[in-house]
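# Notes for the structure review
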Amino acid sequence: MRITRGEKNSAPSRTTTPNRRNSLLRSEWPLLVYPVLVVAALGILYGVSQSIQRELTPSPAGRVGTPAEAPSVRSLEGETVTPPADAAVGDVAVVQEHNPTTLLGEDHASTFTPDTAETDAQPAATDLESLEGTDRVLAMLRQALQTGDNAQVKQCMDDLVALGDDVVGPLSEIVASRNDATALWAAKALARIGTPTASGVLLDTLTQTGDGPYKEQLAKEISSIDNHDSWPVLLDALQDTADAAVMRAAGTSLARMADKPIVDEIVARYDAAATEEQADRLARMIGNISSPAASESLLALAGDVSATPQDGLEKAAVEALANVADAQCVSYLLRKLEASAPGEDAYLFNAVASISQPQAEAALRYAASGSKEVSAEHGRTAAIYALGNFPNEQTYALLEQIVATEDNASVLSAAARTLETIRNTEPIVAANVAAQGHEDFLLPTNPMQK
């Protein structure tokens, strides 16, 4: 069949439209990808935003991040504890706020670090109604330390002391553990109880404790023991120990409570000492005594004022008299200084010049003003130097009077030096005397007169 020109031209016209559509799709499909990419990017950004918001949202406990990395803090008495996973930041602040070493006073300012932390030693809540006796008092003490209730701490300590030896066992376990927050308070209670049993426990614990702040605190508590019944235990510890802390703590306690029975026993042990080291240690114990109750025994031990000390014990007794320093002791020392031979008076001069006890001031002022029982170069000069330990208006006025009227070179030099020391250390004293005048300060009288 033949095809005419018209037929040839019409056939291609029927196939042109589909071909053009296909060509359009092939050339313009990349334009359709851009909206899809934009939608996908928005979705990703939304997901990231939600994730960041979840991370920044505080946990129920009020902390940022996971609780696994909770910081460690210093708890009561200095031990390191880690707050529980559900503890809030505010709870940690409460643990740090109340430090029981503050309640102990200035002389217990230092803290100790236990060998191991006992985080469950102080439960958050204790059923006090279910406890009785010692357990109840100790639980209340722990609670008071946690809350910083000073009045309750004092009451608990009084209750523990009232229990006496009945509470020594539980308290000794706490002291020995070192981990409980009440360890130092338990030691303080034992020292206040101060019976031979309580003192022995503290001394044994101190011996077994390694050097460090905790040992220093224990030694301070033992030094405060004043129960006279415990002096044999303390003296045994002083004589037998090789631990310097034990020796120092026991000796300090004995020096404050010493009386005739204690002095007599030390003298007996000195005479029976097997080694020179033991004798020297006991002599030092005598020399450290500061108790007025030992005055008569020390005067007898020191011997006649004109006699030269025969051994270390007699010389130590002289040193102890300067520690006690009541009027009778000061008078003895001044008279012994006057009677001493040349070259043998140095330790006596230094003993008098070192006196600083308040009860000695009147006797020293009287000697410095020119007592008949002392000479210018010996007793009077030593007394003037000792007055430097009493930097008050009365002392300053007396020294100015001595400087203005004295002819003896030794006395004048001593008074001038002591005045200069007081001006440098207590300038307000000099200013007060200058403002008020000497007439406002009484001249010293004989303290031995009645």
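Residues numbered from 1 in each chain as written. Predicted model: local features only at pLDDT ≥ 70, side-chain atom pairs only at ≥ 80, totals over all residues. Heavy atoms only, no water.

## Observations concerning the nonpolar core
What tends to happen in soluble globular proteins is that the nonpolar side chains get buried as a cluster. In terms of nonpolar packing, the biggest core is built from 108 residues, with Leu171, Ile286, Ile289 and Leu364 touching the most fellow members. Broken down by element, the residue count for this core peaks at nine residues, all from helix H9 (residues 183-193). For Leu171, the contacting residues outside a window of four places in its chain are Leu138, Leu160, Ala186, Ala189, Leu190 and Ile193. (Core = buried A, V, L, I, M, F, W, Y, C linked by side-chain atoms within 4.5 Å. Buried < 20%, exposed > 50% of the residue type's maximum accessible area, 1.4 Å probe, protein only. Helix = DSSP H or I, 4+ residues; strand = E, 2+ residues; numbered from the N terminus. Contact = heavy atoms within 4.5 Å.)

## A word on the packing of helix H14 (residues 260-271) against helix H15 (residues 276-288)
Between two packed helices, the angle of one axis relative to the other and the distance separating the axes together describe the packing. One way to put it is that H14 packs onto H15 with a least axis distance of 9 Å and a crossing angle of 160°. Considering their axes alone, H14 and H15 lie roughly antiparallel with respect to each other. Where H14 crosses over H15, the two elements pack in a sense that is left-handed. Across from Val263, Ile266, Arg269 and Tyr270 in H14, the residues of H15 making contact are Ala279, Leu282, Ala283, Met285 and Ile286. Class assignment of the residues belonging to the contact of H14 with H15 gives a composition of eight nonpolar, no polar and one charged. (Axes fitted to C-alpha atoms, helices over the stretch in contact; angles between N-to-C directions. Parallel < 35°, antiparallel > 145°, perpendicular 65-115°, else oblique. Left-handed = near helix turned anticlockwise from the far one by under 90°. Nonpolar A, V, L, I, M, F, W, Y, C, P; charged D, E, K, R; others polar.)

## Describing the confidence of the model for the chain
Looking at the chain as a whole, the pLDDT averages 78, with 69% of positions reaching at least 70. Considering only residues more than four positions removed or in separate chains, one finds that residues 1-16, a stretch of pLDDT under 50, has two contacts. Below pLDDT 50 for its whole length, residues 105-124 participates in 40 contacts with residues either more than four positions away or in separate chains. (pLDDT = per-residue confidence, 0-100.)

## Description of the pattern of salt bridges
Pairing of side chains with opposite charge becomes possible as their charged atoms draw close. For the structure on display, the rule yields 10 salt bridges. Of the charged contacts in the structure, one is a salt bridge between Arg192 and Asp158, with a shortest N-O distance of 3.0 Å. Here Arg192, found in helix H9, pairs with Asp158, found in helix H7 (residues 150-163); they are 34 residues apart in sequence, far enough to count as distant. One salt bridge connects Arg269 with Glu265, and the closest N-O pair in it is separated by 2.8 Å. In this pair, Arg269 and Glu265 both sit in helix H14, four residues apart, roughly one turn of the helix. One salt-bridge network, in which partners are shared between bridges, spans Lys154, Asp158 and Arg192. (Salt bridge = Lys/Arg side-chain N within 4 Å of Asp/Glu carboxyl O.)

## What to know about the side chain of Gln357
If you trace the backbone, Gln357 turns up in the loop between helix H19 (346-353) and helix H20 (361-368). The class of Gln357 is buried, set by a relative accessible area of 18%. Of note is the side chain of Gln357, whose polar atom sits 2.7 Å from the backbone oxygen of Asn323. Once you skip the residues sitting within four places of it in the chain, Gln357 turns out to touch Ala322, Asn323, Val324, Ala325 and Phe390. (Polar contact = N/O pair within 3.5 Å; in protein donor to acceptor, adjacent residues only side chain to side chain.)

## Structural notes on H20
Burial of H20 is extensive: six of the eight residues sit out of reach of the surface. For H20, the complete set of buried residues consists of Glu361, Ala363, Leu364, Arg365, Ala367 and Ala368. Residues of H20 that are buried in the fold lie against helix H18 (327-339), H19, helix H21 (376-386) and helix H22 (393-405). Just downstream of H20, Gly370 is the residue with a positive phi angle, here 120°.

## What about the layout of surface pockets?
Of the voids in this model, the second largest pocket is the one considered here, and its volume is about 150 Å³. Those elements that place two or more of their residues in the lining of the second largest pocket are helix H13 (244-257) and H15. When residues of the lining of the second largest pocket are assigned to their parent elements, the largest contribution, five residues, is made by H13. Of the residues belonging to the lining of the second largest pocket, the class tally is four nonpolar, three polar and three charged. (1 Å grid on protein atoms, 1.4 Å probe; cavity = no way out; pocket = protein on both sides within 12 Å on 5 of 7 lines; lining within 4 Å. Points joined across faces, edges and corners; volume = space filled by probe spheres on them.)

## Observations regarding unusual backbone geometry
With the exception of glycine, the majority of residues adopt a negative phi angle, and the majority of peptide bonds are in the trans configuration. One non-glycine residue, Ala325, adopts positive backbone phi at about 55°. When its relative accessible area of 0% is taken as the criterion, Ala325 is described as buried.

## A closer look at helix H16 (residues 295-302)
Judged by how many residues are buried, H16 sits mostly within the fold: six of eight residues are covered. Looking at H16, one finds that the buried residues are Ser295, Ser297, Leu298, Leu299, Leu301 and Ala302. Residues of H16 that are buried in the fold lie against H14, H15, helix H17 (312-324) and H18.

## What about the packing of H9 against helix H11 (residues 213-223)?
Relative orientation of the contacting elements H9 and H11 amounts to 20°, with a least axis distance of 9 Å. Regarding the angle of H9 to H11, the classification is roughly parallel. The hand of the H9/H11 crossing is right-handed. Counting all contacts with H9, which are made through Ala183, Leu184, Ala187, Lys188 and Ala191, the residues of H11 involved are Tyr214, Gln217, Leu218 and Glu221.

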